[in-house]
Amino acid sequence: MLDSIQSPQDIKQLDLDQLQSLADEIRTFLIDNIQKTGGHLAPNLGTVELTIAMHYVFDTPKDSFVFDVGHQAYTHKILTGRKDKMHTLRKKNGLSGFTKQSESEHDAFGAGHSSTSISSALGIAVANKINKTEYKSIAVIGDGALTGGMSFEALNHAGDSDADLLIILNDNDMSISKNVGAMSKYLTKLISGKVYSTMKSKSLGFLKKMPMIHEFARRSEEHVKGMVLPSTLFEELGVNYFGPIDGHDLPMLVNTLQNLKQLKIPRLLHIITKKGYGLKTAENDPCKFHGVAPASTKSSTLPSYSEVFGQWLLDTGANDQQLMAITPAMCTGSGMSEFEAQFPEQYFDVGIAEQHAITFAGGLATQGLKPVVAIYSTFLQRGYDQLIHDIALQNLNVTFAIDRAGLVGADGATHAGSFDLSFLRCIPNLVIMAPSNAVEMYQMLNSAYHTNGPVCVRYPRGASLIKDYTTNNKIKIGKANIARIGNKISIFAFGTTLDQALIAGEELDATVVDMRFVKPLDESLVIELANTHQQLISIEDNAITGGAGSAISELLHAHNINTPLSLLGLPDIFTEQGSQEELYALYGLNAESIIDTARS
Ligand SMILES: Cc1ncc(C[n+]2csc(CCOP(=O)(O)OP(=O)(O)O)c2C)c(N)n1
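Given the structure is predicted, the values throughout are model-derived calculations rather than measurements.

J.: Can you help me understand the sheet that holds strand β16 (residues 535-543) in this one?
T.: Strand pairing in a sheet is mediated by backbone hydrogen bonds. Such pairs are either parallel or antiparallel. If you trace the five strands from one edge of the open sheet to the other, you get β12-β14-β13-β16-β17, paired in mixed fashion. The two strands at the open ends of the sheet, each matched to only one other strand, are β12 (481-484) and β17 (565-570). Ignoring which end each strand starts from, the neighbouring axes of this sheet average 25° apart. Across four bridges, the pairing between strand β13 (residues 489-493) and strand β14 (residues 511-514) is parallel. Paired with I491 across the strands is V512, a residue of β14. Set on the sheet, helix α22 (residues 498-508) makes contact with β12, β13, β14 and β16; between it and β13 the angle comes to about 170°.

J.: Help me understand the packing of helix α4 (residues 48-57) against helix α13 (residues 250-261) in this model?
T.: Angle between the axes and distance between the axes are the two parameters that describe a pair of packed helices. Where α4 meets α13, the axes come as close as 9 Å, and the angle between the chain directions of the two elements is 40°. Classified by the angle between their axes, α4 and α13 sit oblique to one another. Between α4 and α13 lies a crossing whose hand is right-handed. Listed contacts from α13 to E49, L50, I52, A53, M54, Y56 and V57 of α4 are L250, L253, V254, L257, Q258 and K261. For the contact of α4 with α13, the per-class residue count stands at ten nonpolar, one polar and two charged.

J.: Honestly, the pairing of strand β5 (residues 267-272) in this entry has me stumped. Any pointers?
T.: Here is the key point about a regular strand: its side chains alternate between the two faces of the sheet. Of all the six residues making up β5, five are buried; the element is thus mostly covered by neighbouring parts of the structure. In this structure, strand β3 (residues 165-171) lies alongside β5, joined through six bridges in parallel fashion. Each residue of the ladder has a partner; that of N170, found in β5, is I271. With five bridges joining them, strand β4 (residues 240-246) and β5 adopt parallel strand pairing. Across the sheet, D246 pairs through a bridge with I272, a residue of β5. Traced from β4 through α13 to β5, the parallel crossover comes out right-handed.

J.: What is the right way to look at the site of the ligand in this model?
T.: Around the ligand there are 23 residues in total, and P43, S114, G142, G144 and A145 lie nearest to it. Considering only residue class, the shell around the ligand consists of eight nonpolar, ten polar and five charged. In this structure, the shell around the ligand is formed jointly by two domains, domain 1 (52-70 + 99-284) and domain 2 (305-460), each of which donates at least three residues.

J.: Whenever I open this one, the sheet that holds strand β2 (residues 137-142) confuses me. Can you help?
T.: What the five strands build is an open sheet, ordered β1-β2-β3-β5-β4; its pairing is parallel. Bordering the open sheet on either side are β1 (64-67) and β4, each of which pairs with just one other strand. Strand after strand, the sheet turns through a mean of 20° between neighbouring axes, direction not considered.

Scoring rules and cut-offs
Residues numbered from 1 in each chain as written. Predicted model: local features only at pLDDT ≥ 70, side-chain atom pairs only at ≥ 80, totals over all residues. Pairing = 2+ DSSP bridges. Helix = DSSP H or I, 4+ residues; strand = E, 2+ residues; numbered from the N terminus. Axes fitted to C-alpha atoms, helices over the stretch in contact; angles between N-to-C directions. Contact = placed C-beta atoms within 7 Å. Parallel < 35°, antiparallel > 145°, perpendicular 65-115°, else oblique. Left-handed = near helix turned anticlockwise from the far one by under 90°. Nonpolar A, V, L, I, M, F, W, Y, C, P; charged D, E, K, R; others polar. Buried ≥ 20, exposed ≤ 12 C-beta atoms within 10 Å, placed from the backbone. Right-handed = clockwise from strand over helix to strand, strands pointing away. Near = placed C-beta within 6 Å. Domains from an automatic or database assignment.

Right, here's the structure in full:
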């Protein structure tokens, strides 16, 4: 059946039994495809029935579906004419692993970062009203994404509006790890609460027999609230609450969505799903199967940079009870699982709440504790004002372990850590380090932790080439390291670009510097080398605009030094998806490119 579906119109001809067969076929297809391409397996297995029901009842692209994060939208891609390209998922020039406007008219809003769906769907709903259309706007948001502050900001706005907005809360009790926080507990209470159960059966019975739906819709909002379910948190905020219903029961989903389609008010449908549904291994360990690598990937015996951080955290936290480790919902990805297990009193998963994570760390620091915020470069973007206003301005002792800096590969532009050096470098009081290898990273973390004020250590995704890296040594703040002495040409390498710089350095007989610090720069060394060499090249895995090379350029300019300087880094575009190797080659961040630059 799947091969005959070219557009959402095609599924509207099917009966409910056929829809169920289609769900089974899609599930088998997903398991097979994701094994080859890699991708978000468990989240997508959990949303097959929901997505089929949505396309059965609504009419995209006139109606808008906004999938939060967009990582669970594979069935949506399959049903909207992209099945034949699913083998290119997450590959260079292939389909994105998230929703993307430029990819399909059925992708109403692009995503990748969490907790944006209610805001954007509300914007669409309000625009629909202003444009006098009858189109529907639907946000699909997970219970994990609901922990993000933007979701609450959007609910606050939506509940006070008369927008025709349907929010579907896909509750599987999981973020990447187990979901956390009071909201998560509240949702569990909603599902299991005694008072609630009676209300649930009443409201569902009511929904099924809704021939008087038009009359219902005409009733005042207050009355609607009272009839369906009084006093859920959502109701109190002015968003009508329906459910919870079984998110794998297709007939129930179709029936409920058909009913809810008739309404024109802010409303929320709570569905319960199982992450990894239909694949036992994924159901049993949804965290491990949240995102998977292609089955063909060879596992590395070398530690990843995230693991190096995790080990440092364990070693340091074991000896210092002032150390407080904070993650905004990225425990495993950041290498913190073991720390969580061993030192639960010193560990905080605050939910998908980067802004809060940073300011919370600030509060801890004012009381003499020593917070370490582990955060992906791309998600640090969320906490920018908090970093400036709450941490740097008050010069608080917070260590930032910034993971996934530079190009991350298959996740593409939404997840690339391309901008951190640019947006961090302009903030007073910050120290910014970029290690060239695992030993240096460990030393830098030692230094960061024992330096007053906010300090960032930023490192890339992937394996470090060194197995044995623990050390008590520290690195002197602001001191670069000359890795190779040569002639005429000096290459300033930031972070792990050092390896490629050294290869080019051999070929060119160039001086190569492991810069180590983006801020403070080792100014005296740069000036000395600029005065003793004829050509300078900087290389970094960050946007050239405002990046580390720009810092060198500014320094030379300030000292009227005219030695030619070429800046290698990421161009002024949103970077593509592909393997990390492909992308570093594409953007010229390799030895060849350094050599070409020097020769040209
Ligand atoms: C701002 C931001 N922080 C962190 C992430 C990483 N992330 C991707 S999916 C996810 C969990 C989402 O959980 P939920 O919304 O419940 O969806 P599920 O995967 O359980 O279906 C997280 C933390 C992100 N995409 N964006």
